[in-house]
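Secondary and tertiary structure notes
Chain by chain, the residues run as shown.
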Amino acid sequence: MLFALLGGLLLAGHLGVEAASGLLDVRSRLANEIVHSPFFWGLLLAYVLLMTTPFVPGAEIGLLLLVTLGADAAGYVYIATVTALLLAYSLGRLVPLDALWAAWVTISPSDVPRVPDFDGSAHPIARSLLRHRCCAVALLLNLPGNAVLGGGGGIAFAAGLSRTITVPQFALTVAIAVAPVPAAVFLGASLSP
């Protein structure tokens with residue numbers, strides 16, 4: 001009786017592994033077909049537009065695409081995310097500060113005294129983040145719940161509007177900050193049997 005039970009468990013385990021393997025193969029084929037369809041490109045374009053928009057939780061949409069389509073979409077989602085953040089940053093850089101200032105305040109920006117640099121009275125973390133703005137932006141982009149701060153699009157827009165980070169610095173920052181999740185999905189899929 002015990003041998004029959006163990007044999008049944010081994011057979012069920014073997015069949016379960018075979019069924020799971022078959023389901024993964026079907027899922028992989030289906031994901032591959034979706035990624036190469038016009039629907040996916042439309043979905044990716046909508047993702048770029050949503051990710052560019054401030055206060056939209058675009059990263060969650062990207063995670064949904066990665067979870068649903070897996071490694072087949074990881075590279076595309078990475079490129080779309082970087083593109084969306086660079087687009088939001090560029091839009092922030094295009095806003096004329098004089099016009100923005102005039103819309104909010106009745107005095108000209110040249111009449112406002114400059115804020116002095118931190119003299120050491122600020123918290124050491126604040127001083128460090130101000131000195132290393134690119135690291136601060138990367139941290140904000142990866143901060144859970146950053147939609148409250150404007151999401152990826154809002155943070156990138158604010159970085160462009162501030163004009164304190166150059167275009168190459170921002171592009172490199174975004175390329176590095178966005179990479180871990182798509183890379184983990186891609187590597188996880190390639191390492192799994």
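Definitions and limits used
- Residues numbered from 1 in each chain as written.
- Predicted model: local features only at pLDDT ≥ 70, side-chain atom pairs only at ≥ 80, totals over all residues.
- Heavy atoms only, no water.
- Helix = DSSP H or I, 4+ residues; strand = E, 2+ residues; numbered from the N terminus.
- Expected span 1.5 Å × (residues − 1).
- Buried < 20%, exposed > 50% of the residue type's maximum accessible area, 1.4 Å probe, protein only.
- Arc of directions from axis to C-beta.
- Contact = heavy atoms within 4.5 Å.
- Axes fitted to C-alpha atoms, helices over the stretch in contact; angles between N-to-C directions.
- Parallel < 35°, antiparallel > 145°, perpendicular 65-115°, else oblique.
- Left-handed = near helix turned anticlockwise from the far one by under 90°.
- Nonpolar A, V, L, I, M, F, W, Y, C, P; charged D, E, K, R; others polar.
- Phe/Tyr/Trp six-rings, centres within 6.5 Å; stacked < 30°, edge-to-face > 60°.
- Polar contact = N/O pair within 3.5 Å; in protein donor to acceptor, adjacent residues only side chain to side chain.

1. Points about helix H3 (residues 58–69)
Over its 12 residues, H3 runs 17 Å from end to end, which matches the ideal 16 Å to within 8%, given 1.5 Å per residue. Among the residues of H3, Gly58, Gly62, Leu65, Leu66 and Leu69 are the ones counted as buried. Around the axis of H3, the buried residues are gathered within 95° of arc, so they sit on the same side. What points out from H3, more than 90 degrees from its buried face, is the exposed set Leu64 and Val67. Of the residues one or two after H3, Gly70 is the one with positive phi, at around 70°.

2. Some thoughts on the environment of Val185
Along the chain, the position of Val185 falls in helix H10 (residues 180–191). Residues Val185 and Asp72, 113 residues apart in the sequence, show an inter-C-alpha distance of 9.4 Å. In this view, Val185 contacts Leu66, Gly70, Ala71 and Ala74; residues no more than four positions away in its chain are not counted.

3. Examining the packing of H3 against helix H4 (residues 71–94)
Relative to each other, H3 and H4 sit at 155°, their axes nearing to 7 Å. Between H3 and H4, the interaxial angle falls into the category roughly antiparallel. Note on packing geometry: the crossing formed by H3 with H4 is right-handed. Contacts from Gly62, Leu65, Leu66 and Leu69 of H3 reach H4 at Ala71, Asp72, Ala73, Ala74 and Val77. Across the contact of H3 with H4, the residue classes tally to seven nonpolar, one polar and one charged.

4. Examining the packing of aromatic side chains
In the structure shown here, the tally under the stated rule is four aromatic pairs. When the ring of Phe40 is compared with that of Tyr76, the centres are 5.8 Å apart and the planes differ by 70°; the resulting orientation is edge-to-face. With a gap of 36 residues between them, Phe40 in helix H2 (residues 38–52) and Tyr76 in helix H4 connect regions that are remote in the sequence. Under the relative-accessibility criterion, Tyr76 is labelled partly exposed at 28%. Their ring planes at 80° and their centres at 5.1 Å tell us that Trp41 and Tyr76 sit as a pair that is edge-to-face. Here the residue Trp41 occupies a position in helix H2, and Tyr76 occupies one in helix H4, the gap between them amounting to 35 residues. Here Trp41 falls in the partly exposed class, since its relative accessible area comes to 42%.

5. Re the environment of Ala177
Locating Ala177 in the fold gives a position in helix H9 (residues 167–178). C-alpha of Ala177 to C-alpha of Cys135: the two residues are 42 residues apart in sequence and 8.9 Å apart in space. When sequence neighbours within four positions are dropped, the list of residues in contact with Ala177 reads Ala138, Leu141 and Asn142.

6. Examining the side chain of Thr81
Note on placement: Thr81 falls in helix H4. At 2.5 Å, the side chain of Thr81 and the side chain of Tyr47 are in polar contact. Those residues within four positions of Thr81 in sequence are excluded, and the remaining contacts are Tyr47, Met51 and Val178.

7. Remarks on unusual backbone geometry
If you check the backbone angles, Phe55 has positive phi at about 65° while not being a glycine. Its place among the elements puts Phe55 in the loop between H2 and H3. Take Phe55: its relative accessible area is 55%, and that puts it in the exposed class. Phi angles above zero are rare outside glycine, and Arg163 is one such case at about 60°. Tracing the chain through its elements places Arg163 in the loop between helix H8 (151–162) and H9. Looking at Arg163, the relative accessible area reads 32%, which means it is partly exposed.

Read these as layout, nothing more, since geometry by itself doesn't imply function.
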